[in-house]
Amino acid sequence: PGGYLEVQDVCLPVRCGDNTLQGTNLERYGKLLLEGSIKLGAGLDTALNTKRFMEEAGFMDVVEVIYKWPLNRWPANKQMKEIGLWAHEATASSLSGLSIAIFTHGLGWSAEELEVFLVEVRKDLKNSKIHSYWPM
């Protein structure tokens, strides 16, 4: 009683407020990552249910705030541009590690197929004409 709990989690797939993500390898990557995680029994979209889970567990006055973390420097806002810089670096530099188990075990890809695909995904991540973000 009287306490607070903060939960932060990313939720797949990658999102976009306009149509600049449509048809890109980054869009495909987010959908495949989610599909593979679900096949492995650990869907990377569970953040969609966090509020409901907390309410069902008895938490009261649950407030859900969803932030947009841009995946590169596309935003005009200086603070969001900096968040995009850091989010891009964190995502691009860890893409292989984030992906290998899900793509090889969940989707049946070879490590080589994945690495070739990730070259294209990294290009999209860097492209500031693609207004992608992680919902956090």
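Above this note sits the structure.
Note that this is a predicted model, so its numbers are computed, not measured. (Residues numbered from 1 in each chain as written. Predicted model: local features only at pLDDT ≥ 70, side-chain atom pairs only at ≥ 80, totals over all residues. Heavy atoms only, no water.)

**Observations regarding unusual backbone geometry**
Here the residue pair Leu 12 and Pro 13 is connected by a cis peptide bond, since its omega of 0° sits within 30 degrees of zero. Of note in the backbone geometry, Asp 61 takes a positive phi value of approximately 55° without being a glycine. Position of Asp 61 relative to the elements: it lies in the loop between helix 2 (50-56) and strand 2 (68-70). Take Asp 61: its relative accessible area is 74%, and that puts it in the exposed class. (Helix = DSSP H or I, 4+ residues; strand = E, 2+ residues; numbered from the N terminus. Buried < 20%, exposed > 50% of the residue type's maximum accessible area, 1.4 Å probe, protein only.)

**A closer look at the nonpolar core**
Membership of the largest hydrophobic core comes to 24 residues, with the highest contact counts inside it found for Leu 26, Tyr 29, Phe 103, Trp 109, Phe 117, Val 121 and Leu 125. When residues of this core are traced back to their parent elements, those giving at least two are helix 1 (25-39), helix 3 (78-106) and helix 4 (111-126). Once residues within four sequence positions are removed from consideration, Trp 109 is found in contact with Arg 28, Leu 32, Phe 103, Thr 104, Leu 114 and Phe 117. (Core = buried A, V, L, I, M, F, W, Y, C linked by side-chain atoms within 4.5 Å. Contact = heavy atoms within 4.5 Å.)

**With respect to a nonpolar patch on the surface**
Nonpolar side chains collect at one region of the surface, where Val 63, Val 65, Tyr 67 and Trp 69 lie side by side and expose about 440 Å² of accessible area between them. Topologically, Val 65 is positioned in the loop between helix 2 and strand 2. Overall, Val 65 belongs to the partly exposed group, its relative accessible area being 47%. (Patch = residues over 30% accessible without salt bridge, like charges linked within 9 Å, V, L, I, M, F, W, Y side chains within 5 Å. Areas by Shrake-Rupley, 256 points an atom, 1.4 Å probe, with all protein chains shown as cover. Salt bridge = Lys/Arg side-chain N within 4 Å of Asp/Glu carboxyl O.)

**Some words on the sheet that holds strand 2**
One open sheet holds the three strands; their spatial order is 1-3-2, and the pairing between them is antiparallel. What marks the edges here is a single partner per strand, and that holds for strand 1 (15-16) and strand 2. Across three bridges, strand 2 lies against strand 3 (residues 132-135) in antiparallel orientation. Bridging from a neighbouring strand, Trp 69 pairs with Trp 134 of strand 3. (Pairing = 2+ DSSP bridges.)

**Some words on the pairing of strand 3**
Put simply, side chains in a regular strand alternate between the two faces of the sheet. Side chains of strand 3 alternate between two faces, with Ser 132 and Trp 134 and Tyr 133 and Pro 135 buried alike. The sheet contact formed by strand 1 and strand 3 spans two bridges and is antiparallel. Bridge pairing in strand 3 links Cys 16 to Ser 132.

**Some thoughts on the packing of aromatic side chains**
This model, assessed by the stated rule, comprises five aromatic pairs. Plain terms: the ring middles of Tyr 29 and Phe 117 are 6.5 Å apart, the flat faces sit at 40° to each other, and that makes the pair tilted. One end of the pair, Tyr 29, is in helix 1; the other, Phe 117, is in helix 4, and 88 residues separate them in sequence. Neither Tyr 29 nor Phe 117 differs from the other in exposure class; each is buried. Where Phe 103 meets Phe 117, the ring centres are 6.2 Å apart and the plane angle is 45°; that geometry is what we call tilted. (Phe/Tyr/Trp six-rings, centres within 6.5 Å; stacked < 30°, edge-to-face > 60°.)

**Observations regarding the layout of surface pockets**
Of the voids in this model, the largest pocket is the one considered here, and its volume is about 830 Å³. Taken together, 26 residues make up the lining of the largest pocket; nearest its centre are Glu 6, Val 7, Val 63, Glu 64 and Val 65. Considering every element that reaches the lining of the largest pocket, the biggest residue donor is helix 2, with three residues. Among the residues forming the lining of the largest pocket, the class breakdown is 17 nonpolar, three polar and six charged. What lines the second largest pocket is Val 10, Leu 12, Leu 33, Leu 44, Trp 69, Ala 87, Ala 90, Thr 91, Leu 98, Ile 102, Trp 134 and Met 136. Looking at the lining of the second largest pocket, the element that brings in the most residues is helix 3, giving five residues. (1 Å grid on protein atoms, 1.4 Å probe; cavity = no way out; pocket = protein on both sides within 12 Å on 5 of 7 lines; lining within 4 Å. Points joined across faces, edges and corners; volume = space filled by probe spheres on them. Nonpolar A, V, L, I, M, F, W, Y, C, P; charged D, E, K, R; others polar.)

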